[in-house]
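# Coordinate analysis (summary)
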Amino acid sequence: MIIHKNLRLLSICVSCIVILTGLTGCVFSVTKTPVSIITKTLNALTQVKSYQLYTDFTDGPGPGSTEWKGTRVIDVSDKAMSMNMAITSGAFLTTDEEYFVNGQDYLKTVAEANSPPTWGWSARALVDDVWNAQIEIPFLTELLKNPTKFGSLETEQLNDVGCYVVTITPSAQAAIDFLVSQGEPGGPAIGTWLWGGGGGVLVRTDTYNYGSVELWINKANNLPVKVTVNLDFRGHLNMENPDILDESLQGELDFSNYNQPVSIQVPQDALNAQNVSNY
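None of the values given here were measured: they were computed from a predicted structure.

In terms of burial, strand β10 (residues 208–218) is largely enclosed, as 8 of its 11 residues are buried. Sheet topology places strand β9 (residues 161–169) next to β10; 6 bridges connect them, and they run antiparallel. Looking at β10, one finds that Val166 is bridged to Leu215.

Here's what the structure looks like:
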């Protein structure tokens, strides 16, 4: 009789545990949303120590558009980078090779249309604006903060990686800052228009016509694998420049090899370059 009572009590306890476990799962499970995913991505990006990056951007519209294709290896911890960029405008090709090491910025540009075609190596102090523009993450982070609109949350396999797919509409200022950042070095010449041909402050964020950013985010670590950016601008830029802007930028950023060991070797010719002023 005592054995039966004990078995009955044990059965009741097991049932309670099962029910409580189920309730706990219901109470503490969090529904994933575009906002929650982007919040985790922003946090994960602050923890990144190194990565590789491929970028492909095209301006426009019209037959005079230019394409920028670049590969970068970036060591955030040591503030170091190696980059190769190919810039194609019609039949003309320009290439940039750039290194950031020990607080120095080494750059060589080769333009086939020039005579002689190479500008040789230059060296200058690495400044924060150039660093932030080349590594992309600071301006990508700005795009992701406080967007004006979120799309629906989707899922997709990308190169055998399980991803969340989120689309956002960035703010006007974030879109402009991202566009200007692509001009370091040899990027879209939008900067000459934005600053009114020299000096002045951009005051017309209403030139921002349209923008979207789509992200494929690795489910396992919340870091972006692929990002596509579409930005479009129309209208007067600032008080000093009466020109009408008709400019767009379409691009893709592919991230890989997060937090892997990085080795950046600067060519001896670059190390021997004469230092020049940043201004």
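What follows concerns the packing of aromatic side chains. Enumeration according to the criterion identifies 7 aromatic pairs in this entry. Ring centres of Phe100 and Trp131 lie 6.0 Å apart, and the angle between their planes is 50 degrees; on these two criteria the pair is classed as tilted. In this pair, Phe100 is assigned in strand β4 (residues 92–101) and Trp131 in helix α3 (residues 128–135), connecting sequence segments 31 residues apart. Residue class for Trp131 comes out buried when judged on its relative accessible area of 6%. Ring geometry for Phe255 versus Tyr258: centroids 6.1 Å apart, planes at 10 degrees, classification stacked. Taken individually, Phe255 and Tyr258 each receive the classification buried, so the pair is uniform in this respect. Linked through ring pairs, Tyr51, Phe255 and Tyr258 together constitute an aromatic cluster. Above the plane of the ring of Tyr164 lies Lys219, whose end atom (NZ or CZ) is 5.4 Å from the centre. Sitting over the ring of Trp216, Lys226 keeps its end group 4.5 Å from the ring centre.

Right, let's get into unusual backbone geometry. Its identity as a non-glycine residue notwithstanding, Asn102 has a phi of 50 degrees, on the positive side. The residue Asn102 is located in the loop between β4 and β5 (104–111) in this model. On the accessibility criterion, Asn102 (74% relative accessible area) is exposed. Positive phi outside glycine occurs at Glu136, with the angle close to 75 degrees. Note that Glu136 resides in the loop between α3 and α4 (137–144).

Within the largest apolar cluster, 47 residues are counted, with the highest numbers of intra-cluster contacts made by Tyr51, Phe178, Val227, Leu253 and Phe255. Those residues in contact with Tyr51, other than ones at most four positions away along the chain, are Arg72, Val73, Ile74, Val76, Ile135, Ile137, Phe255, Ser256, Asn257 and Tyr258. In terms of nonpolar packing, the next biggest core, distinct from the first, is built from 10 residues, Ala80, Trp121, Ala123 and Ile264 among them.

Turning next to the pattern of salt bridges. Using the criterion set out here, one finds 1 salt bridge in the structure. Here Lys79 ties to Asp128 by a salt bridge, and the two come within 2.8 Å at their closest N and O atoms. Taken together, the residues span a long stretch of sequence, with Lys79 in the loop between β2 (66–75) and β3 (80–89) and Asp128 in helix α3 at a distance of 49 residues. On the basis of relative accessible area, Asp128 is assigned to the partly exposed category, the value being 46%.

Right, let's get into helix α2 (residues 34–45). Its 12 residues place the ends of α2 16 Å apart at the C-alpha level, agreeing with the 16 Å of an ideal helix rising 1.5 Å per residue. Inspection of α2 places Pro34, Ile37, Ile38, Thr41, Leu42, Ala44 and Leu45 among the buried residues, and these make up the whole buried set. Buried residues along α2 cover an arc of 165 degrees about the axis, so they all sit on one side.

Procedures and definitions
Every chain is numbered on its own, with residues counted from 1 as its sequence reads. Since the coordinates come from a predicted model, pLDDT governs what is reported: local features require at least 70, and pairs of side-chain atoms require 80 or more to be given and counted, while whole-chain, interface and lining totals use all residues. For the side-chain quantities, the full set of heavy atoms in the structure was used; hydrogens and water were omitted. A 1.4 Å probe rolled over the protein chains alone gives each residue an accessible area, and that area as a share of the maximum for its type sets the label: buried under 20%, exposed over 50%, partly exposed in between. Counting from the N terminus, the helices are DSSP H or I runs at least four residues long and the strands are E runs at least two residues long. Two strands pair under a simple rule: DSSP has to find at least two bridges between them. Stacked, edge-to-face and tilted are the three classes for Phe, Tyr and Trp ring pairs, Trp counted by its six-membered ring, which pair at centre distances within 6.5 Å; planes under 30 degrees apart are stacked, over 60 edge-to-face, the rest tilted. Note on geometry: a ring has a charge over it if NZ (lysine) or CZ (arginine) is within 6 Å of the ring centre and within 35 degrees of the ring normal. Side-chain atoms within 4.5 Å link the members of a nonpolar core, which is a set of buried Ala, Val, Leu, Ile, Met, Phe, Trp, Tyr and Cys residues. Contact definition: two residues touch when any of their heavy atoms are within 4.5 Å. Only one rule defines a salt bridge in this text: a Lys or Arg side-chain nitrogen within 4 Å of an Asp or Glu carboxyl oxygen. Expected span of a helix, by definition, is 1.5 Å for each gap between consecutive residues, and there is one gap fewer than residues. The directions considered for the arc are those from the helix axis to the C-beta atoms.

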